[in-house]
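Notes for the structure review
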Amino acid sequence: AQRVTQPEKLLSVFKGAPVELKCNYSYSGSPELFWYVQYSRQRLQLLLRHISRESIKGFTADLNKGETSFHLKKPFAQEEDSAMYYCALRGGYSTLTFGKGTMLLVSP
Amino acid sequence: DAGITQSPRHKVTETGTPVTLRCHQTENHRYMYWYRQDPGHGLRLIHYSYGVKDTDKGEVSDGYSVSRSKTEDFLLTLESATSSQTSVYFCAISSGNDSPLHFGNGTRLTVT
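All figures in this text were calculated on a predicted structure; none of them were measured in a lab.

**Concerning the overall build of chain A**
If you tally the helices and strands in chain A, you get zero helices and eleven strands. When the helices and strands of chain A are placed in sequence order, the string is β-β-β-β-β-β-β-β-β-β-β. Taken along its principal axes, the extent of the C-alpha atoms in chain A is 40 × 30 × 25 Å. Within the span of chain A, comprising 108 residues, buried residues form 47% of the whole. For chain A, long-range pairs separated by at least 24 residues make up 57% of all intrachain contacts whose partners lie at least 6 apart in sequence. Counting every atom, chain A has about 5,500 Å² of accessible surface; 50% of that belongs to carbon and sulfur. Side chains of chain A give 14 positive and 9 negative charges; the mean places of these two sets differ by 6 Å.

**With respect to the pattern of salt bridges**
The full count for this structure, using the stated rule, is nine salt bridges over all chains. Between Glu-32 of chain A and Arg-90 of chain A there is a salt bridge; the shortest N-O distance is 2.8 Å. Remark: Arg-90 of chain A occurs in strand β9 (residues 83–90) and Glu-32 of chain A occurs in the loop between β4 (24–26) and β5 (33–38); sequence separation between them is 58 residues. Assigned by exposure class, Glu-32 of chain A and Arg-90 of chain A land together as buried. Here Asp-73 of chain B ties to Lys-70 of chain B by a salt bridge, and the two come within 3.7 Å at their closest N and O atoms. Owing to a relative accessible area of 8%, Asp-73 of chain B belongs among the buried residues under this scheme. Beyond isolated ion pairs, a larger network of salt bridges with shared partners links Glu-20, Lys-22 and Lys-73 of chain A.

**Section: the interface of chain B and chain A**
The extent of an interface is frequently quoted as the accessible surface area lost upon association of the parts. Contacts between chain B and chain A engage 24 residues on the former and 19 residues on the latter. Taking both sides of the interface into account, the surface hidden between chain B and chain A amounts to around 1,800 Å²; carbon and sulfur atoms contribute 54%. On inspection of chain B and its partner chain A, the count reaches zero salt bridges. The tally of links between chain B and chain A comes to seven residue pairs in polar contact (both at pLDDT 80 or more). Listed by contribution, the elements that provide at least two residues to the side of chain B that touches chain A are β4 (31–38), β5 (42–51) and β9 (87–94) of chain B. Of all the elements, β5 of chain B adds the most residues to the side of chain B that touches chain A, at five residues.

**A short note on the layout of surface pockets**
Approximately 1,000 Å³ is the volume attributed to the largest pocket. Only β1 (3–5), β9, β10 (96–98) and β11 (102–107) of chain A together with β4, β5, β9 and β11 (107–111) of chain B provide two or more residues apiece to the lining of the largest pocket. Of the residues belonging to the lining of the largest pocket, the class tally is 16 nonpolar, 24 polar and ten charged.

**Points about the confidence of the model for chain A**
Across chain A, the average pLDDT comes to 93, with 100% of residues at or above 70. Per-element confidence in chain A ranges from a low mean pLDDT of 92 for strand β6 (residues 45–49) of chain A to a high of 98 for β11 of chain A.

**A closer look at the state of the cysteines**
Scanning the entire structure with this criterion turns up two disulfides over all chains. Disulfide partner of Cys-23 of chain A: Cys-87 of chain A, at an S-S distance of 2.0 Å. Judged by the sign of its S-S torsion, about -65°, the cystine formed by Cys-23 of chain A and Cys-87 of chain A is left-handed. Note that Cys-23 of chain A is positioned in the loop between β3 (19–21) and β4 and Cys-87 of chain A in strand β9, a separation of 64 residues in sequence. For the pair Cys-23 of chain A and Cys-87 of chain A, one class covers both residues: buried. Covalently, Cys-23 of chain B is tied to Cys-91 of chain B through a disulfide, its sulfur atoms 1.9 Å apart. Disulfide Cys-23 of chain B to Cys-91 of chain B: torsion about the S-S bond roughly -70°, handedness left-handed. Here the residue Cys-23 of chain B occupies a position in strand β3 (residues 19–25), and Cys-91 of chain B occupies one in strand β9, the gap between them amounting to 68 residues. For Cys-23 of chain B, a relative accessible area of 0% translates into the label buried. Residue Cys-91 of chain B is classed as buried on the basis of its relative accessible area, which comes to 0%.

Reading the values: the criteria
- Per-chain numbering applies: the sequence of each chain, read as written, is numbered from 1 onward.
- Whichever chain is written first is A, and whichever ligand is written first is 1; the rest continue in order.
- Reporting in this predicted model follows two pLDDT cut-offs: at least 70 for local features of residues, and 80 or more for side-chain atom pairs to be given and counted; totals over whole chains, interfaces and linings ignore these cut-offs and use all residues.
- Computation of side-chain values: all heavy atoms of the structure, hydrogens and water removed.
- Helix and strand definitions follow DSSP, with helices as H or I runs of at least four residues and strands as E runs of at least two, each counted in order from the N terminus.
- Relative accessible area decides the class of each residue, using a 1.4 Å probe on protein chains only: under 20% of the type maximum gives buried, over 50% gives exposed, and in between gives partly exposed.
- We call two residues in contact when some of their heavy atoms are within 4.5 Å.
- Only the protein chains shown count as cover for residues, with accessible areas throughout obtained via the Shrake-Rupley method and a probe of 1.4 Å.
- When charges are counted, Lys and Arg are positive and Asp and Glu negative, with His and the chain ends excluded.
- Working definition for charges: the position is that of NZ of Lys, CZ of Arg, CG of Asp or CD of Glu.
- Definition used for salt bridges: Asp or Glu carboxyl oxygen within 4 Å of a side-chain nitrogen of Lys or Arg.
- Here the quantity called buried area is the accessible surface, traced with a 1.4 Å probe, that two parts lose on coming together, added over both.
- Polar contacts here mean pairs of N or O atoms no more than 3.5 Å apart (in protein, one a potential hydrogen donor and the other a potential acceptor; neighbouring residues in sequence count only if both atoms are side-chain atoms).
- The method works on a 1 Å grid over the protein atoms by themselves. A cavity is a set of points holding a 1.4 Å probe that cannot get out, a pocket is an open set with protein on both sides within 12 Å along at least five of seven lines, and residues with an atom within 4 Å of a point line them.
- Grid points are joined across faces, edges and corners, and a volume is the space filled by probe spheres set on the points.
- By the convention adopted, Pro, Cys, Tyr, Trp, Phe, Met, Ile, Leu, Val and Ala count as nonpolar, Lys, Arg, Asp and Glu as charged, and the other residues, Gly among them, as polar.
- The pLDDT value tells you how sure the predictor is about a given residue, anywhere from 0 up to 100.
- Cysteine sulfur atoms that pair up within 2.5 Å are treated as a disulfide.

This is the structure:
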């Protein structure tokens, strides 16, 4: 069975500090991983996917198959980064299994 | 936005009543999904569809049914609403293959 673990419910940092949101997965096949972001009471938006290797809004994420991780990083947090972040793993029929989410709070 | 409309946006209903939520897409995507979002649980898949009249159960399908009679519409029905079904429901679509899921704005359902 596939599983996504986000160990932190809440991550609180100051503006300008580095951020790392952790994501670990369990999957028997070749994984495809995503990060979605949800700003206050809005719809989920795709932030990153590992196959594109893009940097969106200064965020990056690298798939580490040895550690089964896909941590989300940003060198300098901004207040507008405050949001709920979800890591997700693709399964059959393009379904996604989500982690429970990490709330990022960036204080001035 | 990815051309997804969910209706209604908000609904309050009583325990035991049937409720239907609608997801409408204008993208002609093959795959459609219903998720529920709850604090401490993240998003969990209820049902999904991989084509017209082709649907399957997700992780938390008990108490829910779905129908997809045409490509653009995916209906989620709570046959007899319970308080445990109070949640925010998100519809998502995908063209499949390497495409990501795109989400609607959600329906906030309260069962009293």
